[in-house]
Amino acid sequence: MKVLVTGGAGYIGSHTCLELLRQGHDIVVADSLYNAKPEALKRIRELSKRDFQFYEIDIRNEAELERVFAEHAFDCVIHFAGLKAVGESVGLPLKYYDNNVGSTITLCRVMKNNKVKRIIFSSSATVYRPGVLMPVDETAELGCSSPYGWTKFMCEQILRDVVTAYPDWSVVLLRYFNPIGADPSGRIGEDPTGIPNNLLPFVTQTALGRHDKLQIFGNDYATHDGTGVRDYIHVADLADGHVAALQFVMNHKGCEAINLGTGIGYSVLDIVNTFEEVNKVKVPYVISPRRPGDVDAVYAKPDKAKKLLGWEAKRTLDDMCRDSWHWQSNNPQGYQEG
Ligand code: NAD
Ligand code: UD1
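Residues numbered from 1 in each chain as written. Chains lettered and ligands numbered in written order. Predicted model: local features only at pLDDT ≥ 70, side-chain atom pairs only at ≥ 80, totals over all residues. Heavy atoms only, no water.

## Considerations on the overall build of the chain
Quick note on the threshold: Put simply, DSSP marks the helices as runs of H or I at least four residues long and the strands as runs of E at least two long, and each gets a number from the N terminus on. C-alpha atoms define the radius of gyration, and 2.2 Å times the number of residues to the power 0.38 defines the globule rule. Relative accessibility thresholds used throughout: buried, under 20% of the residue-type maximum; exposed, over 50%; partly exposed, between the two (1.4 Å probe, protein chains only). The contact criterion used is simple: two residues touch if any of their non-hydrogen atoms lie within 4.5 Å. For every accessible area listed, the method is Shrake-Rupley and the probe measures 1.4 Å; residues are considered covered only by the protein chains on display.
When helices and strands are counted, the chain shows 11 helices and 14 strands. For the chain, whose C-alpha radius of gyration is 19 Å, the value lies close to the compact-globule estimate of 20 Å for 338 residues. The principal-axis extents of the C-alpha atoms in the chain amount to approximately 55 × 45 × 40 Å. Put simply, the chain has 338 residues, and 54% of those count as buried. Contacts spanning at least 24 positions in sequence make up 79% of the contacts within the chain whose residues lie at least 6 apart. Roughly 14400 Å² of accessible area belongs to the chain as shown, and the carbon and sulfur atoms make up 50% of that amount.

As structure tokens, then:
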């Protein structure tokens with residue numbers, strides 16, 4: 001298949017590009033490099049031993065996106081491009097709605113003009129209403145607690161409406177849980193700018209000595225050890241999930257929302273303990289107050305992905321912790337040193 005990957009230079013996009021190339025698909029990447037480095041693309045080429053075309057464009061620029069579609073006949077689009085900092089979205093809602101919703105509308109319009117009818121969209125577990133019962137399946141009530149979350153909710157709705165209007169389209173909304181880990185080569189991985197908000201980058205940077213201590217946000221949650229529980233999923237499993245979704249959209253029409261999670265919830269302390277044990281490094285921590293907006297536990301019911309896509313997560317928490325550390329310890333400054 002020939003696939004346009006928007007946001008393909010980013011964390012999840014780069015791992016998915018690598019797997020698509022390994023599986024023999026052809027890709028074209030469109031990324032503004034707003035939150036990514038060209039070095040990631042160089043390393044995808046190096047690992048896959050394959051080449052592909054890259055367009056450094058903002059996909060909201062319709063004329064430039066039309067040019068990409070004029071130059072290639074795509075079977076499908078995998079749409080990762082988006083801004084993802086939940087906290088930032090609260091202060092800058094217009095930036096988030098403009099980028100995430102605007103880019104999705106422009107992309108669909110250009111797809112329509114060029115008769116490309118298949119799209120796999122990066123959604124998030126954050127579209128589930130806080131407080132829904134766990135494990136959460138795709139029929140659970142939706143509702144968000146941040147502008148970022150609402151952008152995902154709105155893009156999902158736009159894509160559902162597109163399928164209603166054009167029933168020959170095929171759309172998969174992939175709702176990721178908490179992606180962590182990196183390709184086992186240690187050559188590509190997550191490279192956040194500034195102080196990371198998410199747990200794993202903070203853990204790896206603390207193990208490197210870049211922060212004195214990890215703050216564990218609350219130990220009085222209703223969980224097995226009091227710390228927050230999440231469904232961490234290896235980014236390489238997510239990449240496999242996209243390849244499976246690509247097969248699915250080639251053979252189905254309509255719109256499906258599908259969880260990509262493991263179905264297993266691990267606590268913050270589970271993560272810290274496993275990380276220390278597997279990597280033989282110390283992660284000093286302190287218990288701090290709860291982070292506003294956090295909930296006790298979020299984990300998926302992953303059955304629909306198995307049923308529709310024939311996909312399930314394979315990598316263990318040990319794999320996730322080992323590969324995260326392998327990437328970070330080999331690239332202490334991320335892609336900067338590349
Ligand atoms: P990322 O920031 O590493 O990758 C996103 C990429 O999109 C970046 O390379 C960025 O430069 C690019 N981009 C952003 N806006 C663009 C635009 N208008 N035009 C062209 N390129 C643009 O993020 P990621 O972690 O790889 O996430 C990929 C997608 O998955 C995002 O849509 C994100 O919201 C979603 N998601 C991520 C997580 C997570 O925890 N990482 C969880 C759920 C959903
Ligand atoms: C975050 C996003 C969510 C997104 C998800 C997956 C927020 C509010 N939510 O969720 O929209 O879908 O990532 O990428 O940002 N923790 C600490 N110390 C830290 C960092 C985190 O104890 O320094 C704890 C948190 O309290 C939580 C767990 O670790 O219990 C995971 O946190 P994080 O990695 O930020 O992910 P989520 O909060 O699940």
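## Re the packing of aromatic side chains
Condition: By convention, a stacked pair of Phe, Tyr or Trp rings (six-membered ring in the case of Trp) has centres within 6.5 Å and planes under 30 degrees apart, an edge-to-face pair has planes over 60 apart, and any other such pair is tilted. When the NZ atom of lysine or the CZ atom of arginine is within 6 Å of a ring's centre and also within 35 degrees of its normal, the charge is said to sit over that ring.
Applying the stated criterion across every chain, the model contains five aromatic pairs. Summarising the aromatic geometry, the rings of Y166 and W169 are spaced 6.0 Å apart at their centres and angled 35° between planes, so their arrangement reads as tilted. Sitting over the ring of F52, R45 keeps its end group 4.3 Å from the ring centre. Positioned above the aromatic ring of Y221, the side-chain terminus of R290 is 4.0 Å from the ring centre.

## Topic: the site of ligand 2
What counts here: Throughout, near means a residue has at least one heavy atom within 4 Å of the molecule or strand. Any pair of nitrogen or oxygen atoms within 3.5 Å is treated as a polar contact; in protein, a donor-acceptor pairing is required on top of that, and neighbouring residues in sequence qualify only through side-chain atoms on both sides.
Looking at ligand 2, there are 18 residues lining it, with L199, Q215, R230, R291 and D294 nearest. S124 places a side-chain nitrogen or oxygen 2.9 Å from an oxygen atom of ligand 2. At 2.7 Å from an oxygen atom of ligand 2 is found a side-chain nitrogen or oxygen belonging to R291. With the chains in place, 85% of the 740 Å² that ligand 2 exposes on its own is no longer accessible.

## A look at the side chain of T274
Looking at where T274 falls in the secondary structure, it is placed in helix 9 (residues 268–279). You can call T274 buried: its relative accessible area is 15%. Engagement of the side chain of T274 in a polar contact is seen with the backbone oxygen of D270, the distance being 2.6 Å. What T274 contacts, discounting residues up to four positions off in sequence, is L317, D318 and C321.

## Digging into the packing of helix 7 (residues 199–208) against helix 9
For clarity, the cut-off: For helices, the axis comes from a line fit to the C-alpha atoms of the stretch in contact; other axes are also lines fit to C-alpha atoms, and the angle between any two N-to-C directions lies between 0 and 180 degrees. Handedness of a helix crossing follows the sense of rotation of the near helix relative to the far helix, less than a right angle counterclockwise being left-handed and clockwise being right-handed. For this scheme, ten residues count as nonpolar: Ala, Val, Leu, Ile, Met, Phe, Trp, Tyr, Cys and Pro. Four count as charged, namely Asp, Glu, Lys and Arg, and the remainder, Gly too, count as polar.
Between helix 7 and helix 9, the least distance of the axes is 11 Å, while the angle of their chain directions is 35°. The element helix 7 and its partner helix 9 pack so that their crossing is right-handed. Contact with helix 7, carried on its side by L199, L200, V203, T204 and A207, involves V268, I271 and F275 of helix 9 and no other residues of that element. Partitioned by chemical class, the residues of the contact of helix 7 with helix 9 number seven nonpolar, one polar and no charged.

## Observations concerning the site of ligand 1
Neighbouring ligand 1 are 27 residues, the closest being I12, D31, N35, K84 and Y148. Separating an oxygen atom of ligand 1 from a backbone N or O atom of I12 is a distance of 2.8 Å. At 3.1 Å, a backbone N or O of S32 approaches a nitrogen atom of ligand 1. Isolated, ligand 1 exposes 820 Å² of accessible area, and the fraction of that covered by the protein chains is 95%. Elements supplying a minimum of two residues to the shell around ligand 1: helix 1 (11–22), strand 5 (118–124) and helix 6 (147–165). Per element, the largest residue contribution to the shell around ligand 1 is three residues, and it comes from strand 5. Here the shell around ligand 1 is built from residues that sort into 13 nonpolar, nine polar and five charged.

## With respect to the nonpolar core
The criterion, for reference: Only buried residues count toward a nonpolar core, which is a set of Ala, Val, Leu, Ile, Met, Phe, Trp, Tyr and Cys residues joined through side-chain atoms within 4.5 Å.
Core analysis: the largest hydrophobic core is formed by 43 residues, its most contacted members being I27, I120, V172, L174 and L309. Setting aside residues no more than four positions away along its own chain, L174 makes contact with I120, F121, S122, S123, S124, H242, A245, I258, L260 and L309. Grouped together as the second largest cluster of nonpolar side chains are 28 residues, A81, V110, V116 and F121 included.

## Looking at the sheet that holds strand 5
Stated precisely, the cut-off is as follows: By this definition, two strands are paired if DSSP reports at least two bridges between them.
The sheet built from seven strands is open, its strands ordered 3-2-1-4-5-6-11 with parallel pairing. Each end of this open sheet is capped by a strand with a single partner; those strands are strand 3 (53–55) and strand 11 (254–260). Shown here is a sheet whose adjacent strand axes are inclined to one another by a mean of 20°, direction ignored. Across the sheet, helix 5 (residues 93–113) touches strand 1 (2–6), strand 4 (76–79) and strand 5, and the angle it forms with strand 4 is around 175°. The strands touched by helix 6 within the sheet are strand 5, strand 6 (170–176) and strand 11, with strand 5 carrying the most contacts at an inclination of about 155°.

These figures capture arrangement, not role.
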